[in-house]
Every structure is written in C-alpha cells, then in structure tokens.
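# Architecture and fold: a report
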Amino acid sequence: MSFVESNWMLILVMVLSGAMLIWPYLQRVISPLQEIGNLNATHLINTRNAVLLDIRETAEYDGGHMPNAVHIPLGQLKSRGSELAKLVARPVVVYCERGMRTRGAVSLLGKLGFKEVYGLAGGFKAWKDAGLPIER
C-alpha cells in the first residue's frame, strides 16, 4: 500500500495512458458506423443499388466525386435530410475526403430513419487512389 501512496502520480499516468489506448477500440465497438472498403461499396452499388452520399463541401465535390453521388454537405445534412426520405429503403454509403467526417453523418442518418448506413473507409481519397471511376 505504501507503494501506491508514494507513486500515485505514476499509477494515474499509467491508467490514463491505458484508457487512451483502449478508447479508439471502444469507440468503434459502440459506434453505429459500419465501415466498408472499396470492394464492398462497389458490391453494394452493383447488387443493391446503394445510394452514394457525398458529405464534403461544395469546392471538394466540384474537384471530383464518385459517379451518381448525391451531394449534401455535412453542415446542411440535418436541414436537407428530407431530400433523402425517398431513399430510406436503400443502403447508403457515406463518404467525405478521408473518412473523418463520416461518423457524424452516419449518426444523423440513423436519426432520420435510415437502417443500413455504411461509411467508406478512407473516404474519397481511398476510392480515387484505387483507380476507381470518378466524375467531375
């Protein structure tokens, strides 16, 4: 017990660093986000007519986007969510530039009634780097 009393700061740092290492894993487990790669996204598009939702800003979208993507910037998704209401029965693949903004969009789409929402792992950059088709 005297060890704990004399080294409480060291133990606190150890516990906090352990928690910081575990946090990303826990976040993936409890998050509604299901990430899929380019191959699975292509499969969903071809077999189940998945909706591609581009949540990047307009300037990013104008620089290139996935074919037939619906563009609604993340900042406008809540107010323009009604535009997607007719697509609620189809799977949705959400993407941004690198996959960092996708989590918020997936959560919001879940609140709008979408049951099958996926995030594109690596975002548009991964799609483009794989040499898959893009539109301008």
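A brief structural summary. (Residues numbered from 1 in each chain as written. Predicted model: local features only at pLDDT ≥ 70, side-chain atom pairs only at ≥ 80, totals over all residues. Heavy atoms only, no water.)

Attention shifts here to the environment of leucine 87. Checked against the element boundaries, leucine 87 lands in the loop between helix H5 (77–80) and strand E4 (92–95). Sequence-wise, leucine 87 and leucine 120 are 33 residues apart; in three dimensions their C-alpha atoms are separated by 18 Å. (Helix = DSSP H or I, 4+ residues; strand = E, 2+ residues; numbered from the N terminus.)

The next thing to look at is helix H3 (residues 38–48). All of the buried residues along H3 are Asn38, Ala41 and Leu44. Summarising the axial view, the buried residues of H3 lie within an arc of 125°, below the 170-degree limit, and thus occupy one face. Turned more than 90 degrees away from the buried face of H3 sit Leu39, His43 and Asn46, all of them exposed. Where H3 is buried, its residues contact strand E1 (34–36), E4, strand E5 (117–120) and helix H7 (123–129). Looking one or two places after H3, you find asparagine 49, whose phi comes out positive at around 55°. (Buried < 20%, exposed > 50% of the residue type's maximum accessible area, 1.4 Å probe, protein only. Arc of directions from axis to C-beta. Contact = heavy atoms within 4.5 Å.)

This part is about the nonpolar core. Leu53, Leu77, Leu84, Val92, Val94 and Leu109 are the most contacted members of the largest nonpolar core, which has 17 residues in total. Taken together, the elements giving at least two residues each to this core come down to strand E2 (51–54), E4 and helix H6 (102–111). When residues in this core are grouped by element, the largest group, four residues, is from H6. When near neighbours in sequence (up to four residues on either side) are disregarded, leucine 109 contacts Leu53, Leu77, Leu84, Val92, Val94, Phe114 and Val117. Formed by 13 residues, the second largest nonpolar core is a distinct cluster that contains Ala41, Ala69, Leu120 and Phe124. (Core = buried A, V, L, I, M, F, W, Y, C linked by side-chain atoms within 4.5 Å.)

By the secondary structure assignment, threonine 102 is in helix H6. Apart from the residues lying within four places of it in its own chain, the contact partners of threonine 102 are Leu33, Ile55, Val94, Tyr95, Cys96 and Gly119.

On to helix H2 (residues 8–30), then. For H2, built from 23 residues, the straight-helix expectation of 33 Å at 1.5 Å per residue is met to within 8% by its first-to-last C-alpha distance of 31 Å. Tryptophan 23 marks where H2 bends most, by close to 35°; the proline proline 24 follows one to four residues later. Burial within H2 is sparse, with just zero of its 23 residues counted as buried. (Expected span 1.5 Å × (residues − 1). Bend = angle between axes of the 7 residues up to and from the residue.)

Per the stated rule, a full pass over the model turns up one cavity of 30 Å³ or more. In this structure, the largest cavity spans a volume of roughly 30 Å³. Around the largest cavity, the lining residues are Val51, Leu53, Leu84, Leu87, Val92, Leu109 and Phe114. Split into classes, the residues belonging to the lining of the largest cavity amount to seven nonpolar, no polar and no charged. (1 Å grid on protein atoms, 1.4 Å probe; cavity = no way out; pocket = protein on both sides within 12 Å on 5 of 7 lines; lining within 4 Å. Points joined across faces, edges and corners; volume = space filled by probe spheres on them. Nonpolar A, V, L, I, M, F, W, Y, C, P; charged D, E, K, R; others polar.)

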